[in-house]
Amino acid sequence: MNHLQKKPVMASPRLRMQARKALADLDDMRLRQLLETARRVERYAVGRTEQSVANALGKPLIFVRAMIALWKSAGELETKRARAKFLKNYGKKKVRVLYQALEASR
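Okay, so let's go over this structure. The structure displayed is predicted, hence computed values, not measured ones.

1. Regarding the overall build of the protein chain
Okay, step 1: A tally of regular secondary structure across the protein chain gives six helices and zero strands.
Okay, step 2: Starting at the N terminus, the α and β elements of the protein chain follow one another as α-α-α-α-α-α.
Okay, step 3: Over its C-alpha atoms the protein chain spans a radius of gyration of 19 Å, topping by over 25% the 13 Å that the globule rule assigns to 106 residues.
Okay, step 4: Considering the protein chain as a whole, with its 106 residues, one finds that 28% of them fall into the buried category.
Okay, step 5: Here the contacts in the protein chain between residues at least 6 apart in sequence split such that 68% fall between residues at least 24 apart.
Okay, step 6: For the protein chain, the distance from the average position of its 25 positive side-chain charges to the average position of its 9 negative side-chain charges is 9 Å.

This is the structure:
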């Protein structure tokens, strides 16, 4: 091992800011996809039971319930600022878990 490999890597403040911005953009993209899916599920669920919607879509019931609840709590979030505020209040971890469930159910 040479002396360069032993040296700790320090990220510059600019690099850390760019990484945070990239992660925020990724979270925004995830939220937009989740909201679009939630809107579709909620529209399909009008006049139907959640179980019948889950069966028709081929998704787990808990996923359908989570999408309907997400749509009811978020609604239409048109601007990036509104989505960022919702992410801050709702929780980035919750959105990431829901997005993983969406990806797994595809």
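2. Considering the environment of M29
Okay, step 1: Of note, M29 is situated in helix α2 (residues 13-45).
Okay, step 2: Of the residues examined, M29 reaches a relative accessible area of 26% and is grouped as partly exposed.
Okay, step 3: C-alpha separation for the pair M29 and K80, spaced 51 residues apart in sequence, amounts to 9.8 Å.

3. Some points on the packing of aromatic side chains
Okay, step 1: Summed over the entire model, instances satisfying the criterion amount to one aromatic pair.
Okay, step 2: On the basis of an interplanar angle of 15° and a centroid distance of 5.0 Å, the ring pair of F86 and Y90 is categorised as stacked. Taken together, the residues span about one helical turn, with F86 and Y90 both in helix α5 (residues 80-90) at a distance of four residues.
Okay, step 3: Note that K94 overlies the ring of Y90, its terminal NZ or CZ placed 5.2 Å from the centroid.

4. Considerations on the nonpolar core
Okay, step 1: L31, L34, L35, M67 and L70 are the most contacted members of the largest nonpolar core, which has 22 residues in total.
Okay, step 2: Elements that contribute at least two residues to this core include exactly α2, α3 (50-57), α4 (61-74), α5 and α6 (92-105).
Okay, step 3: With seven residues, the top contributor of residues to this core is α4.
Okay, step 4: Contact partners of L31, with chain neighbours within four places excluded, come to L77, R83, F86, L87 and V95.

5. Section: the packing of α3 against α4
Okay, step 1: It is at 9 Å that the axes of α3 and α4 come closest, and there the two elements cross at 110°. In this view, α3 runs roughly perpendicular relative to α4, as classed from their interaxial angle. Crossing hand, α3 versus α4: right-handed. Contact with α3, carried on its side by E50, Q51, V53 and A54, involves L61, V64, R65 and I68 of α4 and no other residues of that element.
Okay, step 2: When grouped by side-chain class, the residues that make up the contact of α3 with α4 number five nonpolar, one polar and two charged.

6. Quick notes on the pattern of salt bridges
Okay, step 1: The tally for this structure, following the rule as stated, stands at nine salt bridges.
Okay, step 2: Across the salt bridge formed by R30 and D27, the nearest N and O atoms sit 3.0 Å from each other. Of this pair, R30 and D27 both sit in helix α2, three residues apart, which is roughly one turn of the helix. D27 carries the same exposure label as R30, and that label is buried.

7. Some words on the side chain of D27
Okay, step 1: On the accessibility criterion, D27 (2% relative accessible area) is buried.
Okay, step 2: The contact partners of D27, leaving out residues within four places of it in the chain, are L87, K92 and R96.

Conventions adopted
- Each chain has its residues counted from 1, following the order in which its sequence is written.
- Where totals are concerned, whole chains, interfaces and linings use all residues; where local detail is concerned, this predicted model gives features only for residues with pLDDT of at least 70, and gives and counts side-chain atom pairs only at 80 or more.
- Heavy atoms throughout the structure, all of them, feed into the side-chain values; hydrogens and water do not.
- Numbering goes from the N terminus for both helices and strands, where a helix is a DSSP run of H or I of at least four residues and a strand is a run of E of at least two.
- Radius of gyration here is computed from C-alpha atoms only, and the compact-globule reference equals 2.2 Å multiplied by the residue count raised to the power 0.38.
- For every residue, the accessible area (1.4 Å probe, protein chains only) is compared with the maximum for its type, and the residue is labelled buried under 20%, exposed over 50%, or partly exposed between those bounds.
- By definition in these notes, contact holds between two residues if any of their heavy atoms fall within 4.5 Å.
- Here the positive residues are Lys and Arg and the negative ones are Asp and Glu; neither His nor the chain ends is included.
- Each charge is placed at NZ for Lys, CZ for Arg, CG for Asp and CD for Glu.
- Here a pair means two rings of Phe, Tyr or Trp (six-membered ring of Trp) with centres within 6.5 Å. Their orientation is stacked below 30 degrees between planes, edge-to-face above 60, and tilted elsewhere.
- Lysine NZ or arginine CZ positioned within 6 Å of the ring centre and within 35 degrees of the ring normal marks a charge as sitting over the ring.
- What we call a nonpolar core is a set of buried Ala, Val, Leu, Ile, Met, Phe, Trp, Tyr and Cys residues that are connected through their side-chain atoms within 4.5 Å.
- Where helices are involved, their axes are fitted lines through C-alpha atoms of the stretch in contact, as for all axes, and angles between N-to-C directions lie from 0 to 180°.
- Should an angle fall under 35 degrees it is called roughly parallel, over 145 degrees roughly antiparallel, and 65 to 115 degrees roughly perpendicular, with every other angle called oblique.
- Crossing chirality is assigned from the near helix's rotation relative to the far helix, an anticlockwise turn below a right angle marking it left-handed and a clockwise turn marking it right-handed.
- Under this grouping Gly is polar, as are all residues other than the nonpolar Ala, Val, Leu, Ile, Met, Phe, Trp, Tyr, Cys and Pro and the charged Asp, Glu, Lys and Arg.
- One side-chain nitrogen of Lys or Arg within 4 Å of one carboxyl oxygen of Asp or Glu is enough to make a salt bridge.

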